[in-house]
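Notes for the structure review
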Amino acid sequence: MSTPSDSTEIPVWDPLLRLFHWTLLLCFCTAYLSEGEWFEGLQDRLDGELLQVVHVWAGYGLAGLLLFRLLWGFVGPRYARFSDFVCRPGEILAYLYAVLTLRAPRHLGHNPAGGAMIIAMLLALTATVITGLALYGADKGLGPLAGWLAGSSDTLIDAIKEAHEVATNGTLLLIAGHLLGVAWESLLHRENLVRAMITGRKRA
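Note that residues are indexed from 1 along each chain, following the sequence as it is written. Reporting of local features is limited, given that this is a predicted model, to residues whose pLDDT is at least 70; pairs of side-chain atoms are given and counted only at 80 or more, and all residues count toward the totals for whole chains, interfaces and linings. With hydrogens and water excluded, all non-hydrogen atoms of the structure serve as input to the side-chain values.

Before going further, it helps to spend a moment on the overall build of the protein chain. Helix and strand assignments follow DSSP, with helices taken as H or I runs no shorter than four residues and strands as E runs no shorter than two, numbered in order from the N terminus. When helices and strands are tallied, the protein chain shows ten helices and two strands. What you see in the protein chain, going N to C, is helices and strands ordered as α-β-α-α-α-α-α-α-α-α-α-β. Taken along the three principal axes of its C-alpha coordinates, the protein chain extends 65 × 35 × 30 Å. Within the protein chain, residue pairs in contact and separated by at least 24 positions form 68% of the contacts whose partners lie at least 6 positions apart. Using a 1.4 Å probe, accessible areas were evaluated by the Shrake-Rupley method; residue-level cover was limited to the displayed protein chains. Here the protein chain has roughly 12,300 Å² of accessible surface; of this, 67% comes from carbon and sulfur atoms. Between the centroid of the 15 positive side chains of the protein chain and the centroid of its 18 negative side chains there is a distance of 18 Å. A contact between two residues is defined here by any heavy atoms of the two lying within 4.5 Å. Positive charge is attributed to Lys and Arg, negative charge to Asp and Glu, and no charge count is given to His or to the chain ends. Throughout, a charge is located at the NZ atom of Lys, the CZ atom of Arg, the CG atom of Asp or the CD atom of Glu.

Below is the structure:
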């Protein structure tokens, strides 16, 4: 029979943080899938214009969400604040070792490794957005950076495009690591962390 501490759930993730999490995922997937070879045939039929508009606005959505998360990391509820999960490197390494030895303590909010992953993903997404805006300004002469980058040389455009692809692929790798960490922690502590990010509630 479950004890009260096993069955009682308490609110941890606030509604705005949960909305940010799932909207960020939607915007990133939209931006990623509307560019590249995924819909190459569709791009040919639509002359690429519609998907380019979708890609750009998904990027703007990401930019807005990142600005919100920066603000929410300072003024949001306890578990949303950077001060709650940004840890020193030694703490992160110690926690990772505890995870590998199956002795990692459970955290109501983000654990040290999870907090480090969040910061890494936010930085990678920021790099993706900035290089995307730079590419839009340099290659198309549009967007908020067009005044500085319109008319750029092909060499610079290619360099920005390469940086954008590196940032995007780096973000994908971090997302894969994040999903692996969520699955591992869910199994280790017998807790559905995906459900917790939907409902906002975790076992007390």
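Looking now at the pattern of salt bridges. Salt bridges are counted wherever a side-chain nitrogen of Lys or Arg sits within 4 Å of a carboxyl oxygen of Asp or Glu. A full pass over the atoms with the stated rule returns four salt bridges. When the shortest N-O distance is used, the salt bridge between Arg-78 and Asp-84 registers 3.6 Å. Burial classes: relative accessible area under 20% of the type maximum marks a residue as buried, over 50% as exposed, and values in between as partly exposed (1.4 Å probe, protein chains only). According to the relative accessible area criterion, Arg-78 is exposed, its value standing at 58%. Note that Arg-88 is salt-bridged to Glu-91, the shortest N-O span being 3.6 Å.

Note that a disulfide, as used here, is simply two cysteine sulfur atoms within 2.5 Å. As enumerated under the stated definition, the model contains zero disulfides in all. Cys-27 supplies the cysteine sulfur nearest to Cys-29, a cysteine that is in no disulfide, at a spacing of 9.6 Å. Classification of Cys-29 by relative accessible area gives partly exposed; the value is 34%.

This part takes up unusual backbone geometry. Although it is not a glycine, Leu-102 sits at a positive phi angle of roughly 60 degrees. For Leu-102, the location among the structural elements is in the loop between helix H6 (89-100) and helix H7 (112-140). The exposure class of Leu-102 is exposed, given its relative accessible area of 56%. With a phi angle near 50 degrees, Arg-190 is a residue other than glycine that sits in the positive phi range. Within the fold, Arg-190 resides in the loop between helix H9 (154-188) and helix H10 (193-199).

Right, let's talk about a nonpolar patch on the surface for a bit. Only residues above 30% relative accessible area that lack a salt bridge enter a patch, with like-charged residues linked at up to 9 Å and the nonpolar side chains Val, Leu, Ile, Met, Phe, Trp and Tyr linked at up to 5 Å. On the surface, a nonpolar cluster with roughly 350 Å² of combined accessible area is contributed by Trp-22, Leu-25, Val-194 and Ile-198. Counting only elements with at least two residues in the nonpolar patch, the list comes to helix H2 (15-33) and H10. Within the element layout of this structure, Val-194 appears in helix H10.

The subject of this paragraph is the nonpolar core. Nonpolar side chains tend toward joint burial in soluble globular proteins. Nonpolar core, defined: a set of buried Ala, Val, Leu, Ile, Met, Phe, Trp, Tyr and Cys residues in which side-chain atoms within 4.5 Å join the residues together. Residues Trp-13, Leu-17, Phe-20, Leu-24, Leu-62 and Leu-122 are the most contacted members of the largest nonpolar core, which totals 22 residues. Those elements giving two or more residues to this core turn out to be H2, helix H4 (49-75), helix H5 (82-85), H7 and H10. Once residues within four sequence positions are removed from consideration, Leu-24 is found in contact with Leu-62, Leu-65 and Leu-125. Ala-134, Ala-138, Leu-149 and Ile-157 belong to the second-largest nonpolar core, a separate cluster that totals six residues.

Moving on to the confidence of the model for the protein chain. Residues at a pLDDT of 70 or more form 90% of the protein chain, whose mean pLDDT is 91. Scored from 0 to 100, pLDDT reflects the predictor's confidence in each residue. Throughout residues 1-5 the model reports pLDDT below 50, and contacts reaching past four residues in sequence, or to other chains, amount to three contacts.

Before going further, it helps to examine the packing of aromatic side chains. Side-chain rings of Phe, Tyr and Trp, where Trp is taken by its six-membered ring, are said to pair if the distance between their centres is within 6.5 Å; with planes under 30 degrees apart they count as stacked, over 60 as edge-to-face, and otherwise as tilted. This structure, assessed with the given rule, holds seven aromatic pairs. Judged by centre distance (6.1 Å) and plane angle (45 degrees), the ring pair of Phe-20 and Phe-68 falls under tilted. Separated by 48 residues along the polypeptide, Phe-20 in helix H2 and Phe-68 in helix H4 bring together distant segments of the chain. Classification of Phe-68 as partly exposed rests on a relative accessible area of 23%. Note on Phe-82 and Phe-85: the rings are 5.9 Å apart at their centroids and 75 degrees apart in plane angle, and the pair reads as edge-to-face. Note that Phe-82 and Phe-85 are positioned in helix H5 at a spacing of three residues, about one turn of the helix. You can call Phe-82 buried: its relative accessible area is 14%.

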